[in-house]
Every structure is written in C-alpha cells, then in structure tokens.
Amino acid sequence: MAVLGWVQSVPSFQAGAKKRSCSRHGARLRCSIESLHVPVLIDEVLELYQGRRFEVFVDGTIGAGGHASKLLSSCDIDLYIGLDQDETALAIASERLSKYGDKVKLVQSNFRDLERVLSQFTVAQGEVDGILLDIGVSSMQIDTAERGFSFISNGPLDMRMNRKNGLSAGDVVNSFAVEELTRIFQEYGEDPQSRRMARSVAAFRETKQILTTFELTEALLGAKWANGNRPRGYPFKNHPATRVFQALRIFVNRELEVLEDSLPSAIKLLRPGFGRLGVITFHSLEDRIVKIAFRESAKAIGGVTHLTRKPIVPTKEECVSNPRSRSAKLRAVERLLEDEEPTGRRNKYKKDR
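The paragraphs below set out a description of the structure included in this document. The structure displayed is predicted, hence computed values, not measured ones.

## Looking at the layout of surface pockets
Right, so step 1: By volume, the second largest pocket is sized at about 310 Å³.
Right, so step 2: Together, 15 residues line the second largest pocket, and Gln 85, Asn 165, Val 252, Asn 253 and Arg 254 are the ones closest to its centre.
Right, so step 3: Considering every element that reaches the lining of the second largest pocket, the biggest residue donor is helix H10 (residues 242–253), with three residues.
Right, so step 4: Residue composition of the lining of the second largest pocket, grouped by class: five nonpolar, seven polar and three charged.

## With respect to the environment of Ala 177
Right, so step 1: Along the chain, Ala 177 falls in the loop between helix H6 (169–175) and helix H7 (178–189).
Right, so step 2: A C-alpha to C-alpha distance of 9.3 Å links Ala 177 and Arg 199, two positions 22 residues apart in sequence.

## Details of the packing of H7 against H10
Right, so step 1: Look at H7 against H10: their axes get within 8 Å of each other, and the N-to-C directions meet at 95 degrees. Here H7 is positioned roughly perpendicular relative to H10, judged by the angle of their axes. Here Arg 183, Ile 184, Phe 185, Tyr 188 and Gly 189 of H7 lie close against H10, whose contacting residues are Arg 243, Val 244, Gln 246, Ala 247, Leu 248, Ile 250 and Phe 251.
Right, so step 2: Of the residues contributing to the contact of H7 with H10, the split by class is eight nonpolar, two polar and two charged.

## With respect to H10
Right, so step 1: Its twelve residues place the ends of H10 17 Å apart at the C-alpha level, agreeing with the 16 Å of an ideal helix rising 1.5 Å per residue.
Right, so step 2: Extensive coverage of H10 is indicated by the burial of nine of its twelve residues.
Right, so step 3: The set of residues buried in H10 consists of Val 244, Phe 245, Ala 247, Leu 248, Arg 249, Ile 250, Phe 251, Val 252 and Asn 253.
Right, so step 4: Buried positions along H10 lie against H6, H7, helix H8 (194–205), helix H9 (213–221), helix H11 (255–269) and helix H12 (284–298).
Right, so step 5: The positive-phi residue at the C-terminal boundary of H10 is Arg 254, with phi of around 50 degrees.

Procedures and definitions
Residues numbered from 1 in each chain as written. Predicted model: local features only at pLDDT ≥ 70, side-chain atom pairs only at ≥ 80, totals over all residues. Heavy atoms only, no water. 1 Å grid on protein atoms, 1.4 Å probe; cavity = no way out; pocket = protein on both sides within 12 Å on 5 of 7 lines; lining within 4 Å. Points joined across faces, edges and corners; volume = space filled by probe spheres on them. Helix = DSSP H or I, 4+ residues; strand = E, 2+ residues; numbered from the N terminus. Nonpolar A, V, L, I, M, F, W, Y, C, P; charged D, E, K, R; others polar. Axes fitted to C-alpha atoms, helices over the stretch in contact; angles between N-to-C directions. Parallel < 35°, antiparallel > 145°, perpendicular 65-115°, else oblique. Contact = heavy atoms within 4.5 Å. Expected span 1.5 Å × (residues − 1). Buried < 20%, exposed > 50% of the residue type's maximum accessible area, 1.4 Å probe, protein only.

Don't take any of this as a statement about function, it's just geometry.
What follows is the structure in structure tokens.
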C-alpha cells in the first residue's frame, strides 16, 4: 500500500498490537483493530454510495479506516485515496486496509489540500466519483490520554491532530490574553460562561503552568472536578468543561476554517452528473457551514443537487450502541452536469450510474 507524505519513522501497527487492553466502565476488554473506531452512520453512508462504480473515491478523513473498510468491501472502487493528519491513525488504517493492496493510497495531509494531493495521482477536477468527510475528532483520539483531547483521562494538554503543526492547546491556555480566550470559548464552544472560564484560566496560570487535561479542568472548575468526573448531584448531563475543550480543539486545528475553505473545492472535484459528496458533522457550527455551502452551490448552474432534504441522524439503536454518534448528522449532494440548471432537491439516492 502506498503511503505518501507519511513520515516513515512512524511505527506500523505491529501484529502484537492488533489487540490491546482498553477500559470501559472499569472492565478490561480486548479491543481488535475494528473496535478502535466505530464508524458512525455506516448503514446510511453505504446506502449513499452502494450500487455505483467508482473509478476514484476520496476519504478526506480516513482515521482508523472504519468507513473505508466497509466501503471497500461493499462497493466497486478502483482507487481509494485516504487522507488524515494523524500519523497514528494512518498506521492503523494501513494495517486494517492492507488486504486491498495498491487499490488504497494513504496520504498524511489535511483534506484542505485535496486538489494538491489528488494531483499526485493525476486526478483532476471533475474526475472524482465519491468523497466522504467525517469531520471532527475520532473516538480513538479521544480515548488516547496522551493526545489531550478529553478531560476524562489525564494527559498532556495537546489536542493537535497533527502533532508537528502549530500551537498546542497548552500553548493557548498559558499564553493568550483573557479577551482572546473568551472569544475562543464563545465562538468555538458557544459557552455561556466563556468570560468566567477565561478568567479562571488566567488566575490559575499565575501560580503554575497548565500542562495537563486535569490541570485545565481544575483551572476551569476547581479541584473537585480535576479527575474528569462530575461531582455527585451535579444537575446537568454534560460536564461543564465540555465546551471549553471543544473550543480549544477546534481553534488549535482550525477546523471550521478548513471545512469552510474545503467544501467548494471538494464539489469542483466531483464528476459532473455523477459524483457525490457526503459530510458527517458533530455539532451545530460544522453543520451550519456545510448547510450554507451546499445551499449556495445548489443555486449555481453545474453546482449540486441535494440528496438529503434534512440531515440524516443516527437511529435510536445506534445511539444506544455508540453514544458518541448521538450528535452526528450526514448531509449529501450530487454534482450536476456542467450546463445543468438547478432543479430543486431530491430526497433519495440514485443508485445506478
């Protein structure tokens, strides 16, 4: 399997690491590669793309390869190009998809660079039959304490999907002024307590640097919260640090900016009259960007037609089996012919080419 732009020193997912111990509700479980990341809305994604032949399919956020393994086993795909910023995720995806050989190409890159990456494979605008973007952080990243994405486990306050790029979350909370922290918590976390949270961070760092996830939780909420748990009797479902952690992750990885910049380019890459783009989002800020981008493109000649009148959400059964899927939304469009005028919305998938 070809892996382009991927640092070769990254250790492969060794045979002895195919199974590892993980903890759930205090129990020690054995986790296979397939359980490292449970792909959300997988039945709905398969319905979107099944029954069609793909010369080129692009997975802009391949992660551990959850969606990819299902699509490759269910669909007729000649070339599957997968991108991800996370070198660890690429190592796992490489092992997981190795049976498909040269049909799969993996590249360490942000999906913002889709056009540049595809040019390496001599794929131009209008030549991609399917694109899937699963936005946000993966369960695997959340559950890896040393990545610093979650307040549930203690680890270095990093949150970078590509750990070689830019500022870490620790850099932000230790150096940004109260006004800027307030803006980040409000804009990217929609936190009604953003100013109070920012002031708490500033007060805490006067005595010591905030280097770990538990120290950030303590800075935000006090020592009683520092182990990542809600105190007994706390009346709300979500931990009060949730929005701050979300805001920092989005800011550090420039997630909304990348998504907004990438969607028009992704649409242009689709094959006119056939190519489909599916985007899975996990909160309202992402979904709003996708909705606006699709709506604007749907007004243009040679733009797109909607395949989902309303976003598709997980079934009750999926929410029970995979609680992290609860906020997921899938929106999908199909590229119109170059001279085709918008004809309104469809609400079904056209399965035949």
